[in-house]
Structures are given as C-alpha cells and as structure tokens.
Amino acid sequence: MEPRRKILLSLALSAGLALSGAVPTPAAASVIAATPAASVIATAPATAAASVIAAPVTAAVATTGYRFVDIAGAGVTLKANVIAPSAAGRYPAVILPASWGLNDLEYLAQARKLAEGGYVVVSYTPRGWWASGGEIDTAGPKDMADLSKVIDWALANTSADPARIGAAGVSYGAGISLLGAAFDKRIRVVAMMSGWTDLVYSLYSDQTRHRQSAGLLELAAALLGNSGPDLSGKLADFKANRDIADVMAWARVRSPATYLSQINANAPAVLIANAWGDSFFPPNQLVDFYGALTGPKRLELRPGDHAIAELGGIFGFENDVWSGVRDWFDQHLAGRPGEARPPVLVRPDNAPTESYADWSALSPSTTRYGLGRIRALDGTGLLGGAPTTGWSKPLPTDLDTTANGGVVLLTNGVSAFTNQRPSIWLPTVSRTRAGVWAAARPSAPLKIRGIPRVHLNLTGPTQGSLVAYLYDLDALGTARLITHAPITWSAPGEVDLALSAAAYDVPAGHALTLVIDTVDPLYYDANPPNNTITITGGSYLDLPTR
C-alpha cells in the first residue's frame, strides 16, 4: 500500500486516541525513542522479576509506557507495541491482534487500561497489513503460527506469566484470538468482540452470498494490506460465484467451529460479544457455538452493527463491552473477583438489558403465524393463526422494493447510536413486487427473543433467492425493521429460513409484519431475470417470544 496513505490513516487514528488521552505520554515517547527495536527484542525481563508473582492489583498501577517493537513471526516481521506494569514481578498477559484494515495502534487506549490493571499487553499488526511483512492469511495457519510467535516473544521479553496468557480482539483480531485457542494451549482466556465462528456462514448464510460486506473487506485489503494471490483469488471466485466448494473449504479452515473439539479440549474461558445487526458476522452462528462450548463461557448481544458496540472503548471512553472484557480477564486470568455477570447477557433494541442462565431461557415459547391469502383491497395478507392453503402470491425475480436491510455498517450502526430502528413507510412497498402479511394489533407488548424462522412453500425456477423482513408496524404505516435474512435454493419446493437473532418489543397496538421480496443490495441473488417465484399456502412464521 502507498506509504503516504498509511501514514495519513495512522495519524487519523492517533488523533482520535489523543482526544481520549490514550497516546503515549512524553515520558513513554522518550522511552520509545531511546530504545531501538532490535534492543527491545533482545531484552529479557530481569532475573528477579522472573521468580516473583506480582501481588494482585486493586488500584491503577504505574506502567512502563508504550514501546514499539518488531516481533519475528513465522517467517515475517510483525509490527507491535507493548505496555506493562513497571513494578517487578510476573503478570498475566493479554495479546491483542489488530482488526481487519487496522494496525497495532488500534488498542492503545484499552492496552493502557489493562496495563494499569496489572496486565502485560502486546498489540500487534497481523501479517500482510500495514508495515507487517508477508501477505494477508485471513486467520489461516500462518496467522496461527504468528500468534504463537508473539506469545513466545512476550514470554522472552516481558514480565508475562506463562501460566496466564489471554488473547482478545475486535473483528479480525477476535477471530484470530479464538482460533488461536484451538492451536496454542497457553491461551487460557479469550475475549472475542464482533468475531466469527463460521466463516462459511458469514460469506454464504443460507446459501446466499453477502455482497456488501465481502466487498468492503476486499476494499480494505486493497487499500491497507497485501492481499496476495490466495485472498485475491478466493475473493474473485466468491464474486464470480465459481469454485464454491474450494472457497467454502478455504473458509472452513478459518472457522473456529471447525476446531470446536480442540477448543473444548484446551478449555479456555471464552467471552463472545457481538451485535444483533452485525452485517459481517450475523449472530446466529454464535448461538450454537456458544452452546457447544464446555469450558467457562459468556455470550453478550447488543444493538448495532459490526464493531459498533465496542467502538467507544477503542477511543478510551467508558464502554460496557470493554468493561466486561476486563472483568472477564480479571476473573479467569488474573484470579481476581470481578463484577458478577450472567452467562448470557442481552440488550434488546428497545428494552433494558436482560440476563439469562442460558440461551434457551430467552424464548420459553414459540408462536406460529400462518401466512394467509392476499386481500385484493390492500394487497396484504393476514399474518397469524394456522397456516392456510389454496392461495398463492407471485413475486417478480428482478425487481426491488423499498424493503431492504440497509447499508453494511451504516444502517444498523446509526440505529445503535440513535436508538431508532431503520424504518420505511409500508404503503411504499409495491404489492406487485413483494408479499406483505400483517398480524392483528395486540393489546399487550410482544416480546421477541431469539431466532425467528420462516417456512415457505414455493414454485418457480429451479434456482432462486428471496429476502424476508420482519417489521414493527405502527398505526400510521411506519414499519421499523426488527430483523431480516436472505435465502437461496437450488430446487423449488419447501425452504426454511432462519432470520437473524433479535431481541425486540413490539409495542401494544402495533402489528407484526412480514415482507418478502427477491432483491436486496446487501446480497447477491441467484434469480433468473424476467421470471416469477410463487409463494403458496402452508407457509408460516415461527416467532420465539417470552
């Protein structure tokens, strides 16, 4: 990447961190300037420190300040920074791989907070990004080897305690951290923020390719990294919808779910924090993975999109996600009593935070809403009651409507800051292009918790795609998007679609509304042009509620 562009972007990140006081202090800067990278790498902790476990930290401690270092990875040089308590002794260590498109400056604010809490913190830029060597490996085997090399370096050159190693990160750094726990038994605690457990699902959920999210990942790699032929080739295949089996096999190697048995055998404590509206790594993949973990674990879901909930913490502001991460490390890595948090913590889009003993406790009941015959008067069908037969609703395959999932990152990201779900005016949804079904307006709030599922009976082309949207419809026609998901099939008949997990209270007097069309800019579709997909009787929505 052009050095000038890298420098400008790095300065922009540094400026944001400066506003929060997270940039190195003058004293720390002088330490950095006075310590050549080579001498930092060669400097091992004092012998006295190696034999002493530091006393538990009860208040902020003095730190060494930041040191910027070069770390020998698996055949490449990785750019990194390290900050630690300045007092002698052995301390728990946290390794922070940077996010996709960012570098080791990303975590300066949180690294300082962790160091003041008694941790050695090593943040590094993964291979292929910014000034680190090599090509982007997309959390593949080379990245796993690099992570182990970073741990080796931390043990040889800092006061890190080899029995107390943790890893954490946002997005790409989250995936590397969780995958690393499968391959390096020294990682005892993981905090995964906005990460993935199934990269195949993230790219092809319900067999539908995610256009905007994959495109943004490709753009970041082109601007800020060295994609190399591996990543470039797989992204080209993905866009062209060719060699699908090879792309999926490549993604499977980079999926923590593939190594679940290894993770359970190593038994790290795993914290998973994500957003309901994550347009890169939709949260459904996390639920089964969380349930299958056998070690200490916690699942947290909040409003927003990819990396939005934890964004304020990156700039050093008070942040519930990062506070939870530090508590997780305090309890499971440092052995200190931390804030008691439940195994499952959810913050609905429009209700206070809730806690549960396990995921299944979110939705003790499921209500089936049958899709009814479309009325000629308003082009809308009834959503509710038993599924009925003897009706059909044709949808053109290549015509969009005003119903859509929004823009990757922006739509759900803005929603998290405004506390307002994205909305449309339902009368603008063309009834000739979409199927619309609305439920009766209840006298009490409807609390949606979990993964809604849609069953559709279809006729039409051999291959096709649909997108289902679940809305909260008020009396004036404003429909607020609760959740949505696409589906693609290769044979007509019955299809079952899991909408993205949601926690939302439909107010009393509002109507739960289902809209189905064939086009959404977020996704590639498999629809033949100038054709028709027909939804028929017997279709229904299963809604998890409490």
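Structure report, in brief. (Residues numbered from 1 in each chain as written. Predicted model: local features only at pLDDT ≥ 70, side-chain atom pairs only at ≥ 80, totals over all residues. Heavy atoms only, no water.)

### Description of the overall build of the chain
Spelled out, the test is: Helix and strand assignments follow DSSP, with helices taken as H or I runs no shorter than four residues and strands as E runs no shorter than two, numbered in order from the N terminus. Residue contacts are counted whenever heavy atoms from the two residues lie within 4.5 Å of one another. In this description, accessible areas are obtained by the Shrake-Rupley approach with a 1.4 Å probe, and a residue is regarded as covered only by the protein chains that are shown.
A count of helical and extended segments in the chain gives 16 helices and 23 strands. Within the chain, counting contacts between residues at least 6 apart in sequence, those at least 24 apart form 78% of the total. If you sum the accessible surface of the chain, you get close to 20,200 Å²; carbon and sulfur atoms cover 59% of it.

### Structural notes on the packing of aromatic side chains
Keep this limit in mind: Here a Phe, Tyr or Trp ring, Trp counted by its six-membered ring, pairs with any other such ring whose centre lies within 6.5 Å, and the pair is stacked when the planes are under 30 degrees apart, edge-to-face when over 60, and tilted otherwise. Throughout this description, buried means an accessible area under 20% of the type-specific maximum (1.4 Å probe, protein chains only), exposed means over 50%, and partly exposed covers the range between.
This model, assessed by the stated rule, comprises 11 aromatic pairs. A centroid spacing of 5.3 Å and a plane angle of 75° characterise the contact between tyrosine 204 and phenylalanine 238, whose relative ring orientation is edge-to-face. Pair noted here: tyrosine 204 is in helix 8 (residues 199–204) and phenylalanine 238 is in helix 10 (residues 228–240), with a separation of 34 residues, a long-range link. Taking 6.3 Å as the distance between ring centres and 80° as the angle between the ring planes, the aromatic pair formed by phenylalanine 238 and tyrosine 524 counts as edge-to-face. Placement of phenylalanine 238 in helix 10 and of tyrosine 524 in the loop between strand 22 (511–517) and strand 23 (532–545) is noted, with a sequence separation of 286 residues between them. You can call phenylalanine 238 buried: its relative accessible area is 2%. Taken together through their ring pairs, the aromatic side chains of Trp100, Trp129 and Tyr172 make up a single cluster.

### Let's talk about the nonpolar core
Just so we agree on the cut-off: The set of buried Ala, Val, Leu, Ile, Met, Phe, Trp, Tyr and Cys residues whose side-chain atoms join them within 4.5 Å is what this entry labels a nonpolar core.
Ranked by size, the top nonpolar core spans 81 residues in total, and within it Ile95, Val122, Ile272 and Trp359 carry the most contacts. No other element matches the 7 residues that helix 7 (residues 172–183) contributes to this core. In this structure, Tyr369, Ala468, Leu541 and Leu543 belong to the second largest nonpolar core, which totals 32 residues.

### Considering the environment of valine 407
Assignment of secondary structure puts valine 407 in the loop between strand 13 (392–396) and helix 16 (410–418). Apart from the residues within four sequence positions on either side, valine 407 is in contact with Gln212 and Leu522.

### Some thoughts on the environment of threonine 513
As for its position among the elements, threonine 513 is in strand 22. Here threonine 513 falls in the buried class, since its relative accessible area comes to 0%. Taking the C-alpha atoms as reference points, threonine 513 and isoleucine 482, 31 residues apart in sequence, are found 9.7 Å from one another.

### As for the layout of surface pockets
To keep things clear, this is the line we draw: The method works on a 1 Å grid over the protein atoms by themselves. A cavity is a set of points holding a 1.4 Å probe that cannot get out, a pocket is an open set with protein on both sides within 12 Å along at least five of seven lines, and residues with an atom within 4 Å of a point line them. Grid points are joined across faces, edges and corners, and a volume is the space filled by probe spheres set on the points. Each residue receives one of three labels: charged for Asp, Glu, Lys and Arg, nonpolar for Ala, Val, Leu, Ile, Met, Phe, Trp, Tyr, Cys and Pro, and polar for the others, Gly being one of them.
Taken as a whole, the largest pocket spans an internal volume of roughly 1,100 Å³. Put simply, the parts of the chain that give the lining of the largest pocket at least two residues each are helix 1 (3–19), helix 8, helix 9 (211–224), helix 10, helix 11 (244–253) and helix 14 (311–314). Of the residues assigned to the lining of the largest pocket, the class counts are 30 nonpolar, 6 polar and 4 charged.

### Quick look at helix 16
Among the residues making up helix 16, those that are buried are Thr411, Asn412, Gly413, Ser415 and Ala416. A positive backbone phi angle near 60° is found at asparagine 419, which sits one or two residues after helix 16.

### Overview of the pattern of salt bridges
Heads up, the rule is: Just to be clear on terms, a salt bridge is a Lys or Arg side-chain nitrogen sitting within 4 Å of an Asp or Glu carboxyl oxygen.
Scanning the entire structure with this criterion turns up 24 salt bridges. Arginine 341 serves as the salt-bridge partner of glutamate 300, at 3.6 Å between the closest nitrogen and oxygen. With a gap of 41 residues between them, glutamate 300 in strand 8 (residues 297–302) and arginine 341 in the loop between helix 15 (320–332) and strand 9 (344–346) connect regions that are remote in the sequence. No difference in accessibility class separates glutamate 300 from arginine 341, as the two residues are buried. Taken together, the shared-partner salt bridges in this structure form one network comprising Arg298, Glu300, Arg302, Asp320, Asp327 and Arg341.

### Some thoughts on the sheet that holds strand 7 (residues 269–275)
Applied cut-off: Here a strand pair is declared whenever DSSP counts at least two bridges between the two strands. To define axes, lines are fitted to C-alpha atoms, for helices over the stretch in contact only, and angles between the resulting N-to-C directions are given on a 0 to 180 degree scale.
Here 10 strands make up an open sheet; going across it, the order is 1-2-4-3-5-6-7-8-9-10 and the pairing mixed. What marks the edges here is a single partner per strand, and that holds for strand 1 (67–72) and strand 10 (354–356). Between one strand and the next, the sheet's axes are offset by a mean angle of 20°, whatever the strand orientation. Here strand 2 (residues 77–83) pairs with strand 4 (residues 120–124) via 4 bridges, running antiparallel.

### Examining the packing of helix 6 (residues 141–157) against helix 7
Rules: An angle below 35 degrees is read as roughly parallel, one above 145 as roughly antiparallel, one from 65 to 115 as roughly perpendicular, and any other as oblique.
Packing of helix 6 against helix 7 leaves a shortest axis separation of 9 Å and a crossing angle of 80°. Taken together, the axes of helix 6 and helix 7 are roughly perpendicular relative to one another. Contact residues: helix 6 offers Asp143, Met144 and Leu147, while helix 7 offers Tyr172, Ile176, Leu179, Gly180 and Phe183. Its residues placed into classes, the contact of helix 6 with helix 7 shows 6 nonpolar, 1 polar and 1 charged.

### Quick notes on the side chain of aspartate 184
For aspartate 184, the location among the structural elements is in the loop between helix 7 and strand 6 (187–193). Accessibility expressed as a relative area gives 7% for aspartate 184, which makes it buried. Sequence-distant contacts of aspartate 184, defined by excluding residues within four places in its chain, comprise Ser148 and Ile151.

### Concerning the side chain of arginine 341
Heads up, the condition is: N or O atoms closer than or at 3.5 Å make up a polar contact, with two conditions inside protein: a donor-capable atom paired with an acceptor-capable one, and, for residues adjacent in sequence, both atoms drawn from side chains.
With a relative accessible area of 15%, arginine 341 lands in the buried category. Reaching out from arginine 341, the side chain makes a polar contact with the side chain of aspartate 320 at a distance of 3.2 Å. Not counting residues up to four positions away in its chain, the partners in contact with arginine 341 are Arg298, Glu300, Arg302, Asp320, Ser323, Gly324 and Asp327.

### Considerations on the pairing of strand 18 (residues 464–473)
A large share of strand 18 lies buried, amounting to 10 of its 10 residues. Across the two faces of strand 18 the burial is the same, with Gly464, Leu466, Ala468, Leu470 and Asp472 and Ser465, Val467, Tyr469, Tyr471 and Leu473 all buried. Note that strand 18 and strand 19 (residues 478–489) share 10 bridges and pair antiparallel. Following the sheet pairing, tyrosine 471 is matched in strand 19 by leucine 481. The antiparallel pairing of strand 18 with strand 19 creates a hairpin that spans 4 residues between the two strands, and glycine 477 there sits at a positive phi of about 95°. As paired elements, strand 18 and strand 22 share 7 bridges and run antiparallel to each other. Bridge assignment links aspartate 472 to a residue of strand 22, and that residue is leucine 512.

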